[in-house]
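Next come the chains, spelled out residue by residue.
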Amino acid sequence: MTMGENGAGKNHLHNNQVFDLSIDVLPQGGSKCFDDDGRLKRTGTVWTASAHIITAVIGSGVLSLAWATAQLGWIAGPAVMFLFSFVTYYTSSLLAACYRSGDPVNGKRNYTYMDAVRSNLGGFKVKICGCIQYVNLFGVAVGYTIASAISMMAIKRSNCFHASAGKNSCRMNSNPYMIAFGIAEIIFSQIPDFDQLWWLSIVAAVMSFTYSTIGLGLGIAKVAETGKIRGSLTGISVGTVTQTQKIWRSFQALGDIAFAYSYSLILIEIQDTLKAPPSESKTMKKATLLSVGVTTLFFMLCGCMGYAAFGDLSPGNLLTGFGFYNPFWLLDIANAAIVIHLVGAYQVYCQPLFAFVEKTAAEKFPDSEFITKDIKIPIPGFRTYNLNLFRLVWRTIFVMATTLISMLLPFFNDIVGLLGALGFWPLTVYFPVEMYISQKKIPKWSTRWLCLQILSIACLIITIAAAAGSIAGVMLDLKSYKPFSTDY
């Protein structure tokens, strides 16, 4: 395995040393129990990878798509969704090719997104990538805490509405619900590793289909009931909102759609769970095609049916914006599914961040028992659980911090749009394109190089527009804001 020879330029020597070092400790190449890097055999397949991606992608973002479609209209709405799905699929394929450096079958593995950037681009770009990735993951965790609290309150409100026959306005504070979600996440965040999350991912994927299907079904039922398809070709009319508002909202809709598709953040981590042969990048490309295809179809249906049902009045969140009051038990099931899904999705997103901090701490303080020692706790009927004190303390503090920020900034819809916009270009487009050019040694100014750069610049322009729209939204929210006292 001459990995060092065709490895990535700058890290030539460094990679070779690391590789030689790891060869010394390998139990015979790739044995029955271990992979070629000395880790336990990976067992992931196209199906588990697709379940992970669908869990990450069909998040609560799907429910804001009716609102996004309403801003853009019948032509631009579906076109933008289709465009983002194509860009996501294409750049994910480029990123999947960067899982191994050098040889696509036997090259050195990159375990995380940052490792891939380090071995292909190196230098200062690694730090920038790490900052953007981990700030984004933290933001997603806060966004999910808020979304789950809103869904829990929607269940309580729809029952309260039903009991009072619509006479009571049923206002309530969101804090207790955010705290409840935080407690659940503290428990689940003690699952040590991404590999052991496959069951949580499959439950979450099923839940996301449940609530999206209910949203879709209710949209279809509403269209059938009124007998007409609402909405217009150009989106929300200027009489309903001012000309300036329409522009900002259209930009924000781009951010919402970009956020709905963002999973490049965790693509390499998901790819690291796949078994080989066939090579991981082939399996990942299949999983990407399958999952992006399924999610795009779903996004189109949910966005378009919601818009057809409500037209200009499409709510920001299809199931909690009280677009539907009856049948209230069906809304309750959908909102409960959202909460269960978000509990899983929170973990899928946060595990890479947890792993990064724990690995860094173990490298900095290798002799500290607090950080490195596992306490074995036997659980009857299950495997022994390895309790690590540092993991317990750090993950608990992390969840508490996300919950606290959620209680401070409950209008996170706009901030999530902002995070989606800011994370979309660097992580989904710029780094995958640059790494692919570096790995495949594509010559500057060649046709292929130019096409990739044009794609990157076009996505940068979309990102800037979406970020501007979201910032305008946040400014509006701040005018009527009181910390810790948000009622819905």
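Definitions and cut-offs
- Each chain has its residues counted from 1, running along the sequence as written.
- It should be noted that, the model being predicted, local features are given only for residues of pLDDT at least 70 and side-chain atom pairs only at 80 or more, the latter also being counted only at that level, while totals for whole chains, interfaces and linings use all residues.
- Only heavy atoms go into the side-chain values, all of them from the structure, while hydrogens and water stay out.
- Between rings of Phe, Tyr and Trp, where Trp is taken as its six-membered ring, a pair exists when centres lie within 6.5 Å; planes separated by under 30 degrees are stacked, by over 60 edge-to-face, and by other angles tilted.
- Numbering of helices and strands runs from the N terminus, with a helix taken as a DSSP run of H or I at least four residues long and a strand as a DSSP run of E at least two residues long.
- Axes, fitted as lines to C-alpha atoms, cover a helix only where it is in contact. Angles between the N-to-C directions of the axes lie from 0 to 180 degrees.
- Any angle from 65 to 115 degrees is called roughly perpendicular, while one under 35 is roughly parallel, one over 145 is roughly antiparallel, and all others are oblique.
- Definitions for this section: a left-handed crossing has its near helix turned counterclockwise from the far helix by less than a right angle. A right-handed crossing has that turn clockwise.
- Each residue is assigned to one of three groups, with Ala, Val, Leu, Ile, Met, Phe, Trp, Tyr, Cys and Pro labelled nonpolar, Asp, Glu, Lys and Arg labelled charged, and all others, Gly among them, labelled polar.
- Given a helix with a known number of residues, its expected span is that number minus one, times 1.5 Å.
- Categorising residues by exposure relies on relative accessible area from a 1.4 Å probe, with only protein chains included: less than 20% of the type maximum marks a residue as buried, more than 50% marks it as exposed, and the intermediate range marks it as partly exposed.
- Values of pLDDT, which run from 0 to 100, indicate the predictor's confidence residue by residue.
- The contact rule is simple, with two residues in contact once any of their heavy atoms fall within 4.5 Å.

Caption draft 1: Fine view of the packing of aromatic side chains. Counted according to the given criterion, the structure contains 15 aromatic pairs. Taking 6.1 Å as the distance between ring centres and 10 degrees as the angle between the ring planes, the aromatic pair formed by Phe86 and Tyr90 counts as stacked. Taken together, the positions of Phe86 and Tyr90, both in helix α3 (residues 65-96) and four residues apart, correspond to about one turn of that helix. Taking 5.0 Å as the distance between ring centres and 40 degrees as the angle between the ring planes, the aromatic pair formed by Trp425 and Tyr430 counts as tilted.

Caption draft 2: Up close: the packing of helix α5 (residues 124-163) against helix α11 (residues 328-364). It is the contact of α5 with α11, at a shortest axis distance of 9 Å, that shows an interaxial angle of 165 degrees. Taken together, the axes of α5 and α11 are roughly antiparallel relative to one another. In the crossing of α5 with α11, the sense of the turn from one axis to the other is left-handed. Taken together, the residues of the contact of α5 with α11 break down into 21 nonpolar, seven polar and one charged.

Caption draft 3: Just helix α8 (residues 243-261), in detail. Taking 1.5 Å per residue as the helical rise, α8 with its 19 residues ought to reach 27 Å, and the 28 Å between its terminal C-alpha atoms agrees with that figure. Along α8, the residues that are buried comprise Lys246, Ser250, Gln252, Ala253, Leu254, Gly255, Asp256, Ile257, Ala258, Phe259, Ala260 and Tyr261.

Caption draft 4: Layout of the confidence of the model for the protein. Averaged over every residue, the pLDDT of the protein is 80; residues scoring 70 or more account for 89%. Element-level pLDDT for the protein is lowest in helix α1 (residues 12-24), with a mean of 35, against a maximum mean of 91 in helix α6 (residues 175-188). The low-confidence segment residues 1-29 (pLDDT under 50) makes 31 contacts with residues lying over four places distant or belonging to another chain.

Caption draft 5: A look at the side chain of His52. Relative to the elements of secondary structure, His52 occurs in helix α2 (residues 46-57). For His52, the residues in contact, after removing those within four places along its chain, are Leu197, Trp198, Ser201 and Ile270.

Caption draft 6: Expanded view of unusual backbone geometry. In this structure, Lys441 takes a positive phi of about 50 degrees despite not being glycine. Tracing the backbone shows Lys441 in the loop between α14 (412-439) and α15 (447-479). At Trp445, a residue that is not glycine, the phi angle is positive and equals roughly 65 degrees. Among the secondary structure elements, Trp445 is positioned in the loop between α14 and α15.

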